[in-house]
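# Inside the fold
Here are the chains, one letter per residue:
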Amino acid sequence: MLTLPNLLTLSRIVAVPLLVLLLAWPGWALGYALAFALYCLMGVTDYFDGYLARAQGTVSKLGIFLDPIADKIMVAAVILILVGAGHIQGPDVIAALVILLREIAVSGLREFLAQLQVSVPVSQLAKWKTTLQLVALGALILAGALPGLATLHLIGLVALWSAALLTLVTGYDYLRVGLKHMDS
């Protein structure tokens with residue numbers, strides 16, 4: 001059902017190619033500034049799709065399915081393009097890789113557990129992890145728009161490593177819960 005919350009979620013998915021296109025030229029500060037504005041708009045729609053669905057009583061299976069997918073597509077696309085553009089490089093790629101691998105593993109685990117009709121709620125720590133990774137990627141995008149502010153790039157990398165550490169903790173938590181439901 002195409003409610004306003006679901007349309008907002010779909011808009012995030014549809015906006016990802018534009019976001020990637022704007023980030024495709026590392027030296028194009030205007031492109032990075034526009035990408036940062038789009039990234040922020042995508043974050044706002046992420047907040048409002050859930051808020052509106054709950055407030056209007058229109059939470060749907062489609063929305064529950066699409067919302068985390070939209071988030072993961074956006075995060076994965078931004079990480080990949082920032083690595084490719086050299087904004088995340090060297091040992092910092094490890095932090096990005098930890099985040100990507102955890103997203104894939106937790107998605108697979110959730111799918112497996114859903115078949116067993118086991119729900120794994122999102123923990124408060126996982127919400128902090130998501131916030132940190134979104135701040136990190138936003139700071140790294142903005143640093144591309146404002147290349148004279150090296151501090152902004154450093155803030156993005158520190159937030160990325162912090163998100164990666166929380167990613168390991170929350171990933172382990174999900175795995176521990178999941179293992180209880182797996183055959184020996």
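Structure report, in brief.

Cut-off values and rules
Residues numbered from 1 in each chain as written. Predicted model: local features only at pLDDT ≥ 70, side-chain atom pairs only at ≥ 80, totals over all residues. Heavy atoms only, no water. Helix = DSSP H or I, 4+ residues; strand = E, 2+ residues; numbered from the N terminus. Expected span 1.5 Å × (residues − 1). Buried < 20%, exposed > 50% of the residue type's maximum accessible area, 1.4 Å probe, protein only. Contact = heavy atoms within 4.5 Å. Core = buried A, V, L, I, M, F, W, Y, C linked by side-chain atoms within 4.5 Å. Patch = residues over 30% accessible without salt bridge, like charges linked within 9 Å, V, L, I, M, F, W, Y side chains within 5 Å. Areas by Shrake-Rupley, 256 points an atom, 1.4 Å probe, with all protein chains shown as cover. Salt bridge = Lys/Arg side-chain N within 4 Å of Asp/Glu carboxyl O. Phe/Tyr/Trp six-rings, centres within 6.5 Å; stacked < 30°, edge-to-face > 60°.

So, on to helix H2 (residues 29–56). For H2, built from 28 residues, the straight-helix expectation of 40 Å at 1.5 Å per residue is met to within 8% by its first-to-last C-alpha distance of 40 Å. Within H2 the residues assigned to the buried category are Gly 31, Tyr 32, Ala 35, Leu 38, Tyr 39, Met 42, Thr 45, Asp 46, Asp 49, Gly 50, Leu 52 and Ala 53. Close packing links the buried residues of H2 with helix H1 (4–23), helix H3 (61–84) and helix H5 (124–145). After H2 finishes, the residue Gly 57 shows a positive phi value of roughly 65°.

If you check the backbone angles, Gln 117 has positive phi at about 60° while not being a glycine. With respect to the secondary-structure elements, Gln 117 resides in the loop between helix H4 (92–115) and H5.

What follows is about the environment of His 181. In this fold, His 181 is placed in the segment after helix H6 (150–179). His 181 sits 27 residues away from Leu 154 along the chain, and the two C-alpha atoms are 41 Å apart. Residues contacting His 181, with those up to four places away along its chain left out, are Phe 112, Leu 113, Leu 116 and Val 118.

With that settled, consider the nonpolar core. Membership of the largest hydrophobic core comes to 32 residues, with the highest contact counts inside it found for Leu 19, Val 78, Leu 82, Leu 137, Ile 141 and Leu 160. The greatest single-element share of this core, amounting to seven residues, is contributed by H3. Each residue touching Leu 19, except ones within four places of it in the same chain, is listed here: Ala 35, Leu 38, Tyr 39, Met 42, Met 74 and Val 78. Of all hydrophobic cores here, the second largest spans six residues; its members include Val 106, Leu 109, Leu 113 and Val 120.

Together, Leu 18, Leu 21, Trp 25, Trp 28, Leu 30 and Leu 34 give the surface a local cluster of nonpolar side chains, amounting to about 600 Å² of exposed area. Where the nonpolar patch is concerned, the elements lending two or more residues are H1 and H2. Mapped onto the fold, Trp 28 is located in the loop between H1 and H2.

Once that is clear, we can look at the packing of aromatic side chains. Enumeration over the complete set of coordinates arrives at four aromatic pairs. Here Trp 25 and Trp 28 contribute two aromatic rings whose centre-to-centre distance is 6.2 Å and whose plane-to-plane angle is 80°, an arrangement assigned as edge-to-face. Residues Tyr 47 and Tyr 51 carry aromatic rings whose centres are separated by 5.9 Å and whose planes lie at 10° to one another, so their mutual orientation is stacked. Here Tyr 47 and its partner Tyr 51 are both found in helix H2, four residues apart, which amounts to about one turn of the helix.

Any link to function would need more than the numbers given here.
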